[in-house]
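Coordinate inspection notes
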Amino acid sequence: MPNKLKHLLKEIAEQFAISFFFCCLLIVAIYFTCSNTFEKYINIINMMSVSETEASNLPVAFDIVSKRLERNPNYGTVWGTLKIESVGIDLPIYQGDDLKLLKKGVGHFAGSYFPGEGGSIIMPAHNTKKFFRHLPEVKVGDEIVIEATYGTFTYNVSKTEIIDYQDPSKLPVQEEHEVLMLYTCYPVNTVGLKTKRFVVFGELVGAEYAS
Amino acid sequence: MKKLFVMLVAVALFGGVAKVNAMSEDELYNKLTKSYTINGETYKVSDAVKKQIKDYLKDFEVSSKDADYISGKVDELVKTAEKSNVKPDEIPATVKTAFIEAVRDVAANTSVNATISEGNDGLVLTVLDENGEVYSKIDNADVTIRKTGSEAYIVMIAGAISVIGFAVIAKKVAKGNA
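Model, not experiment: these values are computed from the prediction.

1. Points about the overall build of chain A
Looking only at helices and strands, one finds two helices and 10 strands in chain A. The helix and strand sequence of chain A, counted from the amino end, reads α-β-β-β-β-α-β-β-β-β-β-β. Split into buried and exposed, the 211 residues of chain A put 35% on the buried side. Long-range pairs, those at least 24 residues apart, make up 53% of the contacts in chain A between residues at least 6 apart in sequence.

Take a look at the structure:
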């Protein structure tokens, strides 16, 4: 490669690296000074935006006698909304919890139960600002509401726990009593592999079934 | 092995549209969720898979013919595992291949509407409903704690470029002072 071209490419790379460095400094400065303000306005914009909502595959009906859904929603469909007013969470719930679905909202582990069925309900979501970044701020006694297509279910936060990601026994699937378990990677503000999960446990305190 | 085995058990339930006559749903459920002892190790179906089996029986009907065929495949797989000296954390390639072939055989010879593929977390069993829509996916027989962190590698790359930029600036400053 001719020397002039080498020199030019080196200059360009240096200028790019310098510019990138200052951009990162600026982003870090904004993050630590006024990120809360930005987040507030982004949330307002999100609420005002017209978003495409995915419809559930079938109207989901609930059999109160057997305490089971008459037909489970198909994988990848939206069957409800998760709301935690104390930390500003208002997100769609998708059936399934693969990585593709977790990019869109809260997942529902298909091996767990649905609200109203009386068992463990396990729901993960990413720890980004759009999803569960503020989950660790949830306190015991806070209210969680799940508005499903077949009814509305209210839970009170009974405890929070930090668990190891390789210990699924901390999220047991059982059918003896209804407990909601929301989890996300922890800590929420660091980079790198997260070996912990922050879990919020909720006990059912109210249920209203759609007619 | 446990996870492969219970996935096949799950496949046993994910198919068929005719009514069960010879075997009741409870009997079928019990047969498919019982534990198996192979080479001294006991393999049990997890509560999560039991739930998914129950859900499928609730939402679909399984013909006795299909159930018998699939049950036979489960027995064959157990024998293959026994011969291969399988252990809980050591799944011989022969067993994995036998499992995949068994799933595809079931899909070809029964009303089962399912496919199996290799995902990031291992084998993924995709079950379709009568309309060809995805009804369920199983990529792990137990509760899987998902990766729910942010995209850290992007931040790391950005950080690396920033460090290079800082180094270039420092070099220029040093040159200027020299």
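After presenting the structure, the write-up continues.
2. Things to note about the overall build of chain B
Each helix and strand in chain B was counted, giving six helices and five strands. Starting at the N terminus and ending at the C terminus, chain B contains elements arranged as α-α-β-β-α-α-α-β-β-β-α. When each of the 178 residues of chain B is scored for burial, the buried share is 35%.

3. Some details on the interface of chain A and chain B
One widely used convention gives an interface's size as the accessible area the parts lose upon coming together. The interface is formed by 39 residues belonging to chain A together with 32 residues belonging to chain B. Breaking the side of chain A that touches chain B down by element, the ones donating at least two residues are helix H1 (3–48), strand E6 (120–124) and strand E9 (179–186) of chain A. At six residues, the largest contribution of residues to the side of chain A that touches chain B is made by H1(A). Taken together, the residues of the side of chain A that touches chain B break down into 19 nonpolar, 13 polar and seven charged.

4. Observations regarding the pairing of strand E7 (residues 143–148) of chain A
Residues and elements named next belong to chain A. Residue alternation in E7 divides its side chains into a buried set, Ile144, Ile146 and Ala148, and an unburied set, Glu143, Val145 and Glu147. Where strand E3 (residues 78–84) and E7 come together, four bridges link them in antiparallel fashion. Within E7, the position partnered with threonine 81 by the bridge is glutamate 147. Bridge count for E7 against strand E8 (residues 151–164) is six bridges, and the pairing is antiparallel. Paired with isoleucine 146 across the strands is phenylalanine 153, a residue of E8. What sits between the antiparallel neighbours E7 and E8 is a turn of two residues.

5. Some words on the packing of helix H4 (residues 64–83) of chain B against helix H5 (residues 93–109) of chain B
Residues and elements named next belong to chain B. Interhelical geometry of H4 versus H5 gives an angle of 170° and a closest axis separation of 10 Å. If you check the angle between H4 and H5, you find them roughly antiparallel. Residue-level contacts link Tyr69, Ile70, Lys73, Glu76, Leu77, Thr80 and Ala81 of H4 to Val95, Ala98, Phe99, Ala102, Asp105, Val106 and Asn109 of H5. By residue class, the composition of the contact of H4 with H5 is nine nonpolar, two polar and three charged.

6. As for the sheet that holds E9(A)
Residues and elements named next belong to chain A. Spatially, E5-E4-E3-E7-E8-E10-E9-E6 is the arrangement adopted by the eight strands of the open sheet, whose pairing is mixed. Since the sheet does not close on itself, it has two edges, and those belong to strand E5 (106–108) and E6, each with one partner. On average, adjacent strands in this sheet sit at an angle of 30° to one another, irrespective of strand direction.

7. Concerning the pairing of strand E4 (residues 122–128) of chain B
Where a strand is regular, its side chains alternate between the two sheet faces. Residues and elements named next belong to chain B. With four bridges connecting them, E4 and strand E5 (residues 134–138) associate as antiparallel partners. By the bridge assignment, leucine 128 is partnered in E5 with valine 134. Counted along the chain from E4 to the antiparallel partner E5, the turn is five residues long, and its residue glycine 132 has a positive phi close to 80°.

8. Examining H4(B)
Residue and element names in this part refer to chain B. Along its 20 residues, H4 runs 29 Å from first to last C-alpha, staying within 8% of the 28 Å computed at 1.5 Å per residue. Within H4, the full set of buried residues consists of Asp66, Ala67, Ile70, Lys73, Leu77 and Ala81. Buried residues of H4 fall within an arc of 125° about the axis and therefore sit on the same side. Residues Gly72, Asp75 and Lys79 are exposed on H4 and point more than 90 degrees away from its buried face. Backbone geometry just downstream of H4 places asparagine 85 in the positive-phi region, at approximately 55°.

9. Examining the nonpolar core
Of all hydrophobic cores here, the largest spans 46 residues; its most connected members are A:Ile93, A:Ile121, A:Met123, A:Leu180, A:Met181 and A:Leu182. Listing elements by their share of this core, those giving two or more residues are E3, strand E4 (89–95), helix H2 (99–102), E6, E7, E8, E9 and strand E10 (196–209) of chain A. Ranked by the residues each element gives to this core, the list is headed by E9(A), at seven residues. Residues within four places of A:Met123 in sequence aside, it is in contact with A:Leu82, A:Ile93, A:Val106, A:Gly107, A:His108 and A:Leu182. If you look at the next biggest cluster of nonpolar residues, it comprises 30 residues, including B:Tyr43, B:Leu77, B:Val103 and B:Val112.

10. Considering the environment of B:Lys50
All names here are of chain B. Of note, lysine 50 is situated in helix H3 (residues 47–59). By C-beta crowding, lysine 50 is classed as buried, having 20 other C-beta atoms within 10 Å. Sequence spacing of lysine 50 and lysine 73 is 23 residues, and the spatial spacing of their C-alpha atoms is 19 Å. Residue contacts for lysine 50: discarding those within four places in its chain leaves Thr33 and Val45.

11. Concerning the confidence of the model for chain B
Close inspection of predicted coordinates is inappropriate in any region flagged by low pLDDT. Residues and elements named next belong to chain B. Per-residue confidence for chain B gives a mean pLDDT of 75, with 73% of residues at or over 70. Of all secondary-structure elements in chain B, the lowest mean pLDDT belongs to helix H1 (residues 2–13), at 58, while E5 reaches the highest, 87. The low-confidence segment residues 15–21, where pLDDT is below 50, has 29 contacts with residues more than four positions distant or belonging to other chains. For this predicted complex, the interface confidence comes out at an ipTM of 0.72, alongside a pTM of 0.74.

Cut-off values and rules
Residues numbered from 1 in each chain as written. Chains lettered and ligands numbered in written order. Predicted model: local features only at pLDDT ≥ 70, side-chain atom pairs only at ≥ 80, totals over all residues. Helix = DSSP H or I, 4+ residues; strand = E, 2+ residues; numbered from the N terminus. Buried ≥ 20, exposed ≤ 12 C-beta atoms within 10 Å, placed from the backbone. Contact = placed C-beta atoms within 7 Å. Nonpolar A, V, L, I, M, F, W, Y, C, P; charged D, E, K, R; others polar. Pairing = 2+ DSSP bridges. Axes fitted to C-alpha atoms, helices over the stretch in contact; angles between N-to-C directions. Parallel < 35°, antiparallel > 145°, perpendicular 65-115°, else oblique. Expected span 1.5 Å × (residues − 1). Arc of directions from axis to C-beta. Core = buried A, V, L, I, M, F, W, Y, C linked by C-beta atoms within 7 Å. pLDDT = per-residue confidence, 0-100.

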